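# Structural overview
Letter by letter, the chains look like this.
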Amino acid sequence: MSTTENAVSDIATITINHKTAPEISDGTLSPAVLQEWEDQCRAFFAKRKIPEADEVREIVTSNCFKKDRIKHWIKINRAKLLEADYTFDMLLASLRKLFLVADWDQDILREVVNAKMRPDETFQDYSSRVLRGNNLLTGTTACLDEDTLRTTMTLNVSNALSDAMKFLSDIERAHMKAIKEFEEWLNYIERIDNGQRNNRRRHLEETEELISKRQRTSLYAPPAPIAAAAPVSGSNAVPTGWNSAQYTNPPPAQNVVPQKRAPTLTQEEKAVLDRHGGCFKCRLFFVYHNSNDCMNGFPDGNNYQVRTDAMALAQVPSPPVALVNVPAAQPNANATASSSTSRIEDVTTPPRFGVNAVLPSSTSFVLGNGSPSTDSDSDDE
């Protein structure tokens, strides 16, 4: 068993007997036990209608104390205790002075004065704790009066309650100061504490509801768009040899420097980008898309370089080579025959532009009424 448990188990207890005065067992006499015994004795005196002059005699003759030291003191001072002018209050004062721990009243007074209201504690619980300690000082010079208790509690309330008291209106503050009854003042402060606690609780519930609503909304939010890869077919297909880094963002590097905002485009840079198929957003050359369709994002301002014609010419992609088959034309009356040949053409325009088609010359055209023209017809005319 620990020292604390031994100390608790060694505290004296009270036994109530309706025929005789309450008894105190053999143990350590504490201020709380002595006060409880006092209350039980006064209730016993009132119930049995014992005169005030006979109260001490009832205690002495009932053998109320089981502790040897107290029994010995009563035996030695029996004659004095049975005197008519020796009151019950005098007996209590002697018991507190002789059988309680030295300076017990100063220790309790220090606890009462320095008692702070905890943030999670109501003013009702805090005031009860302070009054419980001050009640133990009843009958001593250390007991605080009601005005001192009011000042002490006002200084030691929680920060939330102190702020609520500061923001009272002038009328409410004047009413609080005009209250004379101590119990009425306690009730008024308790109402202020309950009001500020309800406001804090309501604000907390609204905040939690807002957070919960945002979390529910995020569950149904559309996924983030994925950067489009470079097209591989169609008029916007990326030719072989083009810099694919212009179409896709590089993977993020670890421990990279935070991206810095790029400087605003100048009119000269806009003209350079416009001449070389650039984008005003990603500021890359030969991408042939506008800012609204750009999936590359803005450039990093940490290593940004002003766009110039020299930079664009250095990034000119190698032109692709296209093989165009030209079918051989069939001989007819209006065209000469030619054999089927193949030729190589340089495509100097970006791949998004198509190649002009060449119509074969093998088609026979019909004039007039749909019959072929002959020399005999021209002779008849």
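Scroll up for the structure.
Since the model is a prediction, treat every value here as computed from it, not as a measurement. (Residues numbered from 1 in each chain as written. Predicted model: local features only at pLDDT ≥ 70, side-chain atom pairs only at ≥ 80, totals over all residues. Heavy atoms only, no water.)

## Quick notes on the packing of aromatic side chains
We count it as follows: Here is the rule: rings of Phe, Tyr and Trp (six-membered ring for Trp) pair when centre to centre is within 6.5 Å. Planes less than 30 degrees apart are stacked, more than 60 are edge-to-face, and the remainder are tilted. Secondary structure counts use DSSP, requiring at least four H or I residues in a row for a helix and at least two E residues in a row for a strand, with both numbered from the N terminus. Note on classification: 1.4 Å probe, protein chains only; a residue is buried when its accessible area is under 20% of the maximum for its type, exposed when over 50%, partly exposed between these limits.
Tallying each qualifying case throughout the model produces nine aromatic pairs. Both rings, one in Phe45 and one in Phe88, keep their centres 5.3 Å apart while their planes meet at 90 degrees; by these two values the pair is edge-to-face. Remark: Phe88 occurs in helix α6 (residues 88–99) and Phe45 occurs in helix α2 (residues 31–48); sequence separation between them is 43 residues. Each member of the pair, Phe45 as well as Phe88, is classed as buried. Between Phe123 and Tyr126 the ring centres are 6.2 Å apart and the planes differ by 50 degrees, which places this aromatic pair in the tilted class.

## Quick look at helix α9 (residues 146–156)
Counted only if it meets this: An arc is given here, and it is the one of the directions from the helix axis to the C-beta atoms.
For α9, the full list of buried residues reads Leu149, Arg150, Thr152, Met153 and Asn156. Down the axis of α9, the smallest arc covering the buried residues is 170 degrees, so these residues share one side. Opposite its buried face, α9 presents the exposed residues Asp147 and Leu155, each directed more than 90 degrees away.

## Points about a negative patch on the surface
Rules: A residue counts toward a patch only above 30% relative accessible area and without a salt bridge, and it is joined to like-charged neighbours within 9 Å or, for Val, Leu, Ile, Met, Phe, Trp and Tyr, to nonpolar neighbours within 5 Å. Throughout, the Shrake-Rupley method with a 1.4 Å probe supplies accessible areas, and for residues the shown protein chains are the sole cover considered. Any carboxyl oxygen of Asp or Glu that lies within 4 Å of a side-chain nitrogen of Lys or Arg is treated as forming a salt bridge with it. Under the convention used here, Asp and Glu are negative, Lys and Arg are positive, and both His and the chain ends fall outside the count. To locate a charge, the coordinates of NZ of Lys, CZ of Arg, CG of Asp or CD of Glu are taken.
Together, Asp145, Glu146, Asp147, Glu181, Glu183 and Glu184 make up a region of like negative charge exposed at the surface. With respect to the helices and strands, the residue Asp147 is situated in helix α9. Assessed through its relative accessible area of 57%, Asp147 is described here as exposed.

## What to know about the pattern of salt bridges
What the rule picks out here adds up to eleven salt bridges. As a salt-bridge pair, Glu38 and Arg96 come within 3.1 Å of each other at their nearest N and O atoms. Residue Glu38 is located in helix α2, and its partner Arg96 is located in helix α6; the two are separated by 58 residues in the primary sequence. Here the two residues Glu38 and Arg96 agree in accessibility, since each one is buried. With its nearest N and O atoms 2.9 Å apart, the salt bridge here joins Arg275 to Asp309. Here Asp309 lies in helix α14 (residues 309–314) and Arg275 lies in helix α13 (residues 267–275), a separation of 34 residues in the sequence. Where salt bridges share partners, they join Glu38, Arg42, Asp89 and Arg96 into one cluster.

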